[in-house]
Amino acid sequence: MLPLVRTAHDFRRACQEARLDGPLALVPTMGYLHEGHISLIRAARQAAPTVAATIFVNPAQFAPHEDLQRYPRDMEGDLRKCEAAGASFVFAPSGPEEMYPPGFQTYVDPGPLAQPLCGASRPGHFRGVCTVVAKLFALSRAECAFFGEKDYQQLLVIRRMAHDLNLGTDVVGRPIVREKDGLALSSRNAYLSSEERPRALGLWRALSEARARFAAGERDVPTLERAVAETLDRHGLRADYAELRDPVELQRPAQADGSTRLFIAAFAGKTRLIDNGALGEAG
Ligand code: PAF
């Protein structure tokens, strides 16, 4: 049975002990694990003899009107998946007060990388993400931590935080895992009705459309973004944003090149989905 740690104190102790045997790899998650998370745990297992997975639906990264209460949860299933994927133990705080005890008042304030895209649509989101991840890094003192590229902006923001604050944890990004038809795996896909699921594919189709136009020679940013918006529209998706940005600083490029990334957030009904990818990458 996979060891399950419920307190920050025990998590610190478990990580301290694990580090006596060599490097420790961390895989922070919010649970309801899918193949994307599993691929992170497997990659972490390749990098270090001990892998600590964490499962915590972090209230600090949700706005009051967002889906904190109904975020899908399946602790038993998650523990089974963590064990099968090669995690050594799991830290699942017993409640929010384990990470945010009474009197908690110190937050991490990320910089410009956290401002556009999801940062603009979800004010305070990355402050919450950085705060909880900084705490997990401080408790674990892991050599490396694994994050999926589906949340590409999150990956950049966390990597910059770890660098700027000398946290000592190497932040590793791993490719998006997709369904056979192209839909990026996400715990929030569980919200999609049978009518919304085919529409959700519009994000992947929009990314594929942009890549096809880029491959055919189109380099004009507004033209590419217009094609993306039209594809989302055709699928009955309400775009939150659909923008081309450079992959390092998330600035708007004057012209697209192969490394330019398309970032999409769109609503299928009430469900907000995100996806992204480089224009020059094969679909
Ligand atoms: O990507 C997520 O699941 C969360 O944002 C993270 C990194 C685990 C922080 O709560």
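Whatever comes next refers back to the structure up there.
A quick note: this is a predicted structure, and the numbers were derived from the prediction, not measured. (Residues numbered from 1 in each chain as written. Predicted model: local features only at pLDDT ≥ 70, side-chain atom pairs only at ≥ 80, totals over all residues. Heavy atoms only, no water.)

Draft legend 1. Representation of the nonpolar core in the model. The biggest cluster of nonpolar side chains holds 44 residues, and the ones touching the most others in it are Phe-11 and Phe-137. It is helix H6 (residues 125-140) that provides the largest number of residues to this core, a total of 9 residues. When near neighbours in sequence (up to four residues on either side) are disregarded, Phe-137 contacts Leu-26, Ala-142, Ala-145, Phe-147, Ile-158, Ala-162, Leu-167, Thr-169 and Val-171. Judged by nonpolar contacts, the second largest core, of 24 residues, contains Leu-183, Leu-192, Trp-204 and Ala-210. (Core = buried A, V, L, I, M, F, W, Y, C linked by side-chain atoms within 4.5 Å. Buried < 20%, exposed > 50% of the residue type's maximum accessible area, 1.4 Å probe, protein only. Helix = DSSP H or I, 4+ residues; strand = E, 2+ residues; numbered from the N terminus. Contact = heavy atoms within 4.5 Å.)

Draft legend 2. Summary view of the sheet that holds strand S9 (residues 271-278). Strands sit in the order S7-S8-S9 across an open sheet of 3 strands; the sheet is antiparallel. Two strands lie at the open edges of the sheet, namely strand S7 (238-245) and S9, each paired on one side alone. Averaged over neighbouring strand pairs, the angle between their axes works out to 10 degrees when direction is ignored. Of the strand pairs in this sheet, strand S8 (residues 261-268) and S9 are connected by 8 bridges, and their pairing is antiparallel. (Pairing = 2+ DSSP bridges. Axes fitted to C-alpha atoms, helices over the stretch in contact; angles between N-to-C directions.)

Draft legend 3. Representation of the sheet that holds strand S2 (residues 24-29). The strand order across the open sheet built from 6 strands is S1-S4-S3-S2-S5-S6, with neighbouring strands paired in parallel fashion. Among the strands making up the open sheet, the edge pair consists of strand S1 (4-5) and strand S6 (170-174). Pairing analysis gives 6 bridges linking S2 to strand S3 (residues 50-55), with the strands arranged parallel. Counterpart to Val-27 in the pairing with S3 is Ala-53. Here helix H3 (residues 75-85) sits on the sheet in contact with S1, S3 and strand S4 (89-91), set at roughly 165 degrees to S3.

Draft legend 4. Here's a closer look at empty space enclosed by the protein. Inspection of the entire model under this criterion finds 1 cavity of 30 Å³ or more. In this structure, the largest cavity encloses a volume near 60 Å³. Elements with a minimum of two residues in the lining of the largest cavity: helix H9 (202-215) and S9. The dominant element in the lining of the largest cavity, judged by the number of residues it contributes, is S9, at 3 residues. Considered class by class, the residues forming the lining of the largest cavity number 8 nonpolar, 3 polar and 2 charged. (1 Å grid on protein atoms, 1.4 Å probe; cavity = no way out; pocket = protein on both sides within 12 Å on 5 of 7 lines; lining within 4 Å. Points joined across faces, edges and corners; volume = space filled by probe spheres on them. Nonpolar A, V, L, I, M, F, W, Y, C, P; charged D, E, K, R; others polar.)

Draft legend 5. Structural detail: the pattern of salt bridges. Evaluation of the coordinates by the stated rule reveals 14 salt bridges. Among the ionic pairs, Asp-151 bridges to Lys-150, the shortest N-O distance being 4.0 Å. For Asp-151, a relative accessible area of 27% translates into the label partly exposed. A salt bridge links Arg-197 to Asp-181; its shortest N-O distance comes to 3.0 Å. Here Arg-197 is found in helix H8 (residues 196-200), whereas its partner Asp-181 is found in the loop between S6 and H8, with 16 residues between them in sequence. In this structure Arg-197 comes out as partly exposed when scored by relative accessible area, which is 24%. Overall, the relative accessible area of 33% leaves Asp-181 in the partly exposed class. (Salt bridge = Lys/Arg side-chain N within 4 Å of Asp/Glu carboxyl O.)

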